[in-house]
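Observations on the three-dimensional arrangement
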Amino acid sequence: MSMGVKEDKPNTPKKPFIYYYTIMMVVLMALNLFLMPMYRSSQVTEVPYSTFLDMVDQGVVTSVERSDDEIVFLVKTGNKTVFGDDEIAQYKTGPWPDNNLEDTLRSHKVQFTTPIIEQPSALMTILVQWVVPILLFVAVGQFMGKQLQKRMGGPNAMTFGKSNAKIYAESETGKTFADVAGEEEAKDALKEIVDFLHDPQKYADIGATLPKGALLVGPPGTGKTLLAKAVAGEAKVPFFSISGSEFVEMFVGMGAAKVRDLFKQANEKAPCIVFIDEIDTIGKKRDGSGMGGNDEREQTLNQLLTEMDGFDGKKGVVILAATNRPESLDPALLRPGRFDRRIPVELPDIKGRESILRVHAKDVKMDDTVDFTAIARATSGASGAELANIINEGALRAVRMGRKVVSQQDLEESVEVVIAGYQKKDSAVSEDEKKIVSYHEVGHALVAACQSHSAPVHKITIIPRTSGALGYTMQVDQAEKYLMSKDEVFNKIATLTGGRAAEELIFHSITTGASNDIEQATKLARAMVTRYGMNDQFGMVALETVNNQYLGGDTSLACSPETARVVDEEVIKLVKEAYKKAMEILAQNEGKLHEIAAYLLEKETITGDEFMEILNRKEETKTESAEHELVTE
Ligand code: ADP
Ligand code: MG
Ligand code: ZN
């Protein structure tokens, strides 16, 4: 990973342990000397008691200190010191039961005392016995903590405040949108944020507040982290990042402190980006029950919510978060004023895959004959991270084979390596399956487009989704709709059955891929009969009531068992009719069905405009569709 310039560090001392240790030793020794003056002189000569008496008689003893177990005395040696006085030596001897010693000493004019052993003051005792060891422990602890952080954090980690939080700060991420291939929709959505960070004042002047937070949602490896960095890089603002999973390992109370630190720092450095990766680990739905560990997560989440509400949106702090499990997020996080902007970061389509391959191939020596389109075609369902990996694996293989450039074959081999990985993950889609999926999706789209009162097709895609869907057709109403006529509901059911109808029409066999369609169609048909009063036989009688609008909209029957049976029959009849209608529409437009399905198979994603363009093109020839039929059978 290449990251940008490091921020100036707050001056954390980097003195080694030995430094503190030396200081401690010096202090202790000084105290010792101070408290025990008796031992200041180093040389004490021990002599017999008789020698002591002799010396007293000779008159060389100048002073005597007498204690219970010894007598220490000073003796003039006769040598002159440089300052002119006699040099004094220290002697000692054992105590002697000598009752006349006092008189003897007096007669020789020797000073005598009992030793003055200074009692260390109470303050000193406390200092030596308590404060110093505690200080020592603290010093060692801090030192160890710092070492640990250094080891965990790597060169780019820096710490703020007292929480020991691992917050990464980069003054320049060095990434731009050019490093992110494809993902045009996500980039477009983020461009406004870049503009805001460039010049927050412009927005403040007009009184506009940008959303405080945006949530990048998508499967792993699609470039969410990369996009967040690119936003900071494009806007040339500092990038603070923290990963949700780090909170989990922490001690109680640390998570909240970390969040507080993060926002404090960000506020000082505004305009800047705060990026919370893997936010689902702290932002999971809160439920009353749960074990102790949950408390910590909840505290962290609450702190995050508080901070998000607390800071001034005009200042230019933008919070980005990434998750691949948006459905598990606590709704409080998604409220307006928090992460109310959701930016989907999807798996790349064939074009996206090709450009991702090209971006990563830039730094690798590639053979001129390498066909990226072919590689992109073979990697349906691969994420950006996996594509980057394919290029790297290819380069490694080239080195293994002793070549100087990466060849097509290297790439194909590494695709296989990675594809084998995919199959484990159930997301590989074979060519045959892709074909069925494209007919299925185009079936939906065609039925929708050929009926009146149907929302226009916005997008059709056969890129597999992590949710398990192999493709989908997106219809977007021009305006928000609250009411639906009976025809519209019926047409919607027909559209839902269009996928299955296309499968049957073209392949004369049906797959499990329509289960979700069937469920939705049944629900709608049922609602027509039991709740919307759209069935001639029952008219305006509510046969079902909705239990709770906000919790899944469960319904319960409110009719007799016989009526329930009739309801079931009516529902079946309705869906069958709709299916028949869809079948008719598709049979009439079979040429278009082939044409668009083939186009979709190639492009993987097509827009509503492209779809309409092909649909409205003059029917080319009947022969072409006949040809297709030959191929499929
Ligand atoms: P996510 O955060 O979504 O799991 P990352 O941003 O960590 O994914 O992506 C991992 C790596 O995959 C990136 O560092 C980059 O090398 C590569 N990558 C993913 N998506 C793209 C993309 N759209 N363009 C270029 N590289 C990509
Ligand atoms: Mg990531
Ligand atoms: Zn379908």
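Numbers given for residues are sequential positions, taken from 1 along each chain in its written order. Going through the entries in the order they are written, you letter the chains from A and number the ligands from 1. In keeping with the predicted nature of the model, local features appear solely for residues at pLDDT of at least 70, side-chain atom pairs appear and are counted solely at 80 or more, and the whole-chain, interface and lining totals rest on all residues. Hydrogens and water are ignored here; the side-chain numbers use all heavy atoms of the structure.

Let us now look at the sheet that holds strand 5 (residues 111–113). Across the sheet, five strands lie side by side as 1-4-3-2-5; this open sheet has mixed pairing. Only two strands of the sheet have a single neighbouring strand rather than two, namely strand 1 (44–46) and strand 5. Direction aside, the axes of adjacent strands within the sheet are offset by 25 degrees on average. Strand pairing is assigned whenever DSSP identifies at least 2 bridges connecting the two strands. Runs of H or I in DSSP of at least four residues are treated as helices and runs of E of at least two as strands, each being numbered from the N terminus. Bridge analysis of strand 2 (residues 61–66) against strand 3 (residues 71–80) gives five bridges, and the strand direction is antiparallel. Note on strand 3: the bridge partner recorded for Arg 66 is Ile 71. Where helix 2 (residues 49–58) meets the sheet, its contacts fall on strand 2, strand 3 and strand 4 (86–93), and the angle it forms with strand 3 comes to roughly 50 degrees. Lines fitted to C-alpha atoms define the axes, with helix axes restricted to the stretch in contact, and inter-axis angles between N-to-C directions lie between 0 and 180 degrees. It only takes one pair of heavy atoms within 4.5 Å for two residues to be counted as in contact.

Time to look at the coordination of the zinc ion (ligand 3). Metal donors were taken as nitrogen, oxygen and sulfur atoms no farther than 2.8 Å from the ion, or 3.2 Å where the ion is Na, K or Ca. Water is excluded, so coordination may look unfinished. Around the zinc ion (ligand 3), the protein contributes the donor atoms His 440 (NE2), His 444 (NE2) and Asp 517 (OD), at 2.0 Å from the metal centre. On the primary sequence, the residues serving as donors to the zinc ion (ligand 3) are separated as H-x3-H-x72-D. Highlighted residues: His 444 in helix 16 (residues 431–449) and Asp 517 in helix 18 (residues 515–530), separated in sequence by 73 residues. Its relative accessible area of 8% is what places His 444 among the buried residues. Buried residues are those whose accessible area, probed at 1.4 Å on protein chains only, stays under 20% of the maximum for their type, while exposed residues exceed 50% and partly exposed ones sit between those limits.

Another aspect to go through is the site of ligand 1. Any residue with a non-hydrogen atom lying within 4 Å of a molecule or strand is treated as near it. Taken together, 15 residues lie around ligand 1, and Ala 181, Gly 221, Lys 224, Thr 225 and His 360 are the ones closest in. In protein, a polar contact means a hydrogen-donor-capable atom and an acceptor-capable atom, both N or O and within 3.5 Å, with residues adjacent in sequence counting only if both atoms are side-chain atoms; elsewhere, any N or O pair within 3.5 Å suffices. Note that an oxygen atom of ligand 1 is positioned 2.8 Å from one of the backbone N or O atoms of Lys 224. Between an oxygen atom of ligand 1 and a main-chain N or O atom of Ala 385, the distance comes to 3.4 Å. Areas reported here follow the Shrake-Rupley algorithm with a probe of radius 1.4 Å; residue values treat only the protein chains shown as occluding. The protein chains hide 78% of the 560 Å² of surface that ligand 1 would expose on its own. At the level of secondary structure, the elements contributing two or more residues to the shell around ligand 1 comprise helix 7 (224–235), helix 12 (350–361) and helix 14 (384–400). Broken down by element, the residue count for the shell around ligand 1 peaks at three residues, all from helix 7.

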